[in-house]
Amino acid sequence: MSNTAIYRPTVNVYRNQSLGPNEPIYRSGPIDDLSATTLPICEYANGTAPTLNATGDIPLIHVIIPYLTCVCYAIICLVGLVGNSLVVYVVLRFAKMKTVTNMYILNLALCDILFLVTLPLTITTTMITHWIFGLALCKIHLLLFSLNLFGGVFNLCVMSADRYLAVCHPIRSMKYRTPRIALITCCLIWLLSFIAVLPVIMYSNIIPNKRHVHSHTCNIDWPHDQPIPPGVAFIWYCFILAFAIPVPLICVFYVLVILRLRHVGPAKKSKEKRKSHRRVTRLVLSVITVYIICWLPYWCFQMKLVFNQSKPIVLLFLLFTVLSYTNSMLNPFLYAFLSDNFRKSFVKAFNCLTPSEVGKSTMGNENSIFPRTSQTCTRNGTSQANNEERMELSVKDSGFSSAAYHATLGEQISSKSIKDEQGFLKPPTQL
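Residues numbered from 1 in each chain as written. Predicted model: local features only at pLDDT ≥ 70, side-chain atom pairs only at ≥ 80, totals over all residues. Heavy atoms only, no water.

S.K.: How should the confidence of the model for the protein chain be read in this particular structure?
M.R.: In low-pLDDT regions, the fine details of the predicted coordinates are not to be read closely. Across the protein chain, the average pLDDT comes to 74, with 65% of residues at or above 70. Per-residue pLDDT stays below 50 along residues 1-52; that stretch engages in 170 contacts with residues further than four places along the chain or on separate chains. (pLDDT = per-residue confidence, 0-100. Contact = heavy atoms within 4.5 Å.)

The structure is reproduced here in structure tokens:
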């Protein structure tokens, strides 16, 4: 048998276990075969040693790259966990952050956190070149990676549809853009993601590691003797569900949103309302753009492997893999730079303000369809600001005149002005 080499990239590949001696290895997710870990080792199908340089030594870059890979993964893990955990905290902690858009952002942050907690396993396996964590953690590891792959893009698709409804159909969409429906939608995203990753749950397994006796590899062990190579089929499956369908759909939604924003005149919306829509739309669009930038090179490389079964450029593949992982840590930075509410909430979270100080916040309410709630309330639990908002909404719905509304509001404020801080009536003032 000739010494035909099979390139096995160091990290993040699902390997088809039924490969013949000269078949390429297809990639579409995490690997922990890390017979492949010490990138870019070139393993020979007949078991001979890897190709060495002219002096008989392994090239220095082949030794350095695994360590650089682990450093990149460690930075992505630490920064991403801190940033996404902070996003989860401020959305759950501060009342003015509880908007429909932010609920989807919270869901996206949870997807990223679930993936990031698996990176220490990948780092460990990259360094020791085999899997030591057992079958249960192997299945969990591949499951969480796959949930992030599908759940992340499903969240972005829903966020784009939500922006389309908020901008293009602001009145009719109010009955759909509610906390309850947003929560149900988030649950449906998780359900669909779980259904999409069923093949991973079924076929993920630990298999013998060919380079380490009595050790194992965490991988997907596809059935043998299939009419279509399972590795290729799985690449197409992931590409279609996680990129080819959602991304064009997202683009359609955003083209409609941008066209709408360009044609909305001052007579139709207040200046402040239009600014609010533009801010949130720009934020969501930035998140989607970064996602496409991070994942497009990876999927292009995958498609190249499917159509052109030549030796892959392993270093290039590793670069694209690290870039795709980087997406999970970048979103919190986008929120901080593009959203005043997130930026102020992050500052408050780091300053550890008390609830009473948080209640004094001057944060705006970007894109919120919820009634703005205050942290400082009267004795019966309802703030004056909330009462005013409810009256304003009821006046608009019932068709009262502006004069009648302000007269009623004035009476309410007057009645409150004769109460003390505990809500009891003050004694009459002597003139």
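S.K.: Help me out: how do you make sense of the environment of Val290 in this one?
M.R.: Relative to the elements of secondary structure, Val290 occurs in helix α9 (residues 271-307). On the basis of relative accessibility, which here comes to 17%, the residue Val290 falls in the buried class. For the pair Val290 and Asn331, spaced 41 residues apart in sequence, the C-alpha separation works out to 8.3 Å. Once residues within four sequence positions are removed from consideration, Val290 is found in contact with Asn327, Leu330 and Leu334. (Helix = DSSP H or I, 4+ residues; strand = E, 2+ residues; numbered from the N terminus. Buried < 20%, exposed > 50% of the residue type's maximum accessible area, 1.4 Å probe, protein only.)

S.K.: What is the right way to read the packing of helix α1 (residues 60-93) against helix α11 (residues 340-351) from this model?
M.R.: In contact at an axis separation of 10 Å, α1 and α11 are set at 95 degrees when each is read in the N-to-C sense. By the angle between their directions, the pair α1 and α11 is classed as roughly perpendicular. For the pair formed by α1 and α11, the contact residues are Leu86, Val87, Tyr89, Val90 and Val91 on the first element and Phe342, Ser345, Phe346, Ala349 and Phe350 on the second. Grouping the amino acids of the contact of α1 with α11 by side-chain chemistry returns 9 nonpolar, 1 polar and no charged. (Axes fitted to C-alpha atoms, helices over the stretch in contact; angles between N-to-C directions. Parallel < 35°, antiparallel > 145°, perpendicular 65-115°, else oblique. Nonpolar A, V, L, I, M, F, W, Y, C, P; charged D, E, K, R; others polar.)

S.K.: What am I meant to see in helix α10 (residues 314-338) here?
M.R.: One turn of an α-helix holds 3.6 residues; hence residues three or four places apart share an orientation. End to end, α10 covers 36 Å across 25 residues, agreeing with the expected 36 Å (1.5 Å per residue, within 8%). Its axis deflected by about 45 degrees at Met329, α10 carries its strongest bend there, up to four residues before the proline Pro332. (Expected span 1.5 Å × (residues − 1). Bend = angle between axes of the 7 residues up to and from the residue.)

S.K.: Please explain unusual backbone geometry as it appears in this structure.
M.R.: Generally, phi is negative for residues other than glycine and the peptide bonds are trans, each holding for most cases. Look at Thr129: it is not a glycine, yet its phi comes out positive at around 70 degrees. Here Thr129 lies in the loop between α3 (119-128) and α4 (134-168). For Asp225, which is not glycine, the phi dihedral falls at a positive 55 degrees. With respect to the helices and strands, Asp225 occurs in the loop between β4 (216-220) and α7 (230-244).

S.K.: Can you walk me through the nonpolar core in this structure?
M.R.: If you look at soluble globular proteins, the nonpolar side chains tend to sit buried side by side. Counting 70 residues, the largest nonpolar core has Tyr335 and Phe342 as the members making the most contacts within it. Setting aside anything within four residues of it in sequence, one finds Tyr335 in contact with Val87, Ile105, Leu108, Leu283, Val287, Phe342, Arg343 and Phe346. Within the second largest apolar cluster, 14 residues are counted, among which are Tyr73, Cys77, Phe115 and Leu318. (Core = buried A, V, L, I, M, F, W, Y, C linked by side-chain atoms within 4.5 Å.)

S.K.: I'm lost on the pattern of salt bridges in this one. Help?
M.R.: As a working rule, side chains carrying opposite charge can pair if their charged atoms are close by. On inspection of all chains with the given rule, the structure shows 2 salt bridges. Linking Asp162 and Arg177 is a salt bridge whose minimum nitrogen-to-oxygen distance equals 2.6 Å. With Asp162 in helix α4 and Arg177 in the loop between α4 and α5 (179-196), this residue pair connects regions lying 15 residues apart in the sequence. Here Arg343 and Asp340 are joined by a salt bridge, their closest N and O atoms 2.1 Å apart. In this pair, Arg343 and Asp340 both sit in helix α11, 3 residues apart, roughly one turn of the helix. (Salt bridge = Lys/Arg side-chain N within 4 Å of Asp/Glu carboxyl O.)

S.K.: I tried to follow the environment of Leu121 on my own but got confused; where do I start?
M.R.: Along the polypeptide, Leu121 turns up in helix α3. Separated by 17 residues in sequence, Leu121 and Cys138 place their C-alpha atoms 9.3 Å apart. When sequence neighbours within four positions are dropped, the list of residues in contact with Leu121 reads Trp131, Phe133 and His141.

S.K.: Where do I start with the packing of aromatic side chains in this structure?
M.R.: The geometry of two aromatic rings is summed up by the distance between their centres and the angle between their planes. Using the criterion set out here, one finds 24 aromatic pairs in the structure. Judged by centre distance (6.2 Å) and plane angle (45 degrees), the rings of Phe150 and Phe154 are tilted. Taken as a pair, Phe150 and Phe154 lie in helix α4 at a separation of 4 residues, close to a single helical turn. Given the relative accessible area of 18%, Phe154 is considered buried. Members of the aromatic cluster, connected to one another through ring pairs, are Trp236, Phe239, Phe243, Tyr291, Trp295, Tyr298, Trp299, Phe301, Phe307, Phe317 and Phe320. (Phe/Tyr/Trp six-rings, centres within 6.5 Å; stacked < 30°, edge-to-face > 60°.)

S.K.: Sorry if this is basic, but what is going on with α5 here?
M.R.: With 18 residues, α5 should reach 26 Å at 1.5 Å per residue; the first-to-last C-alpha distance of 26 Å fits that figure. Within α5 the residues assigned to the buried category are Ala182, Thr185, Cys186, Ile189, Ser193 and Ala196. An end-on view of α5 places all buried positions within 100 degrees of arc, on one side of the element. (Arc of directions from axis to C-beta.)

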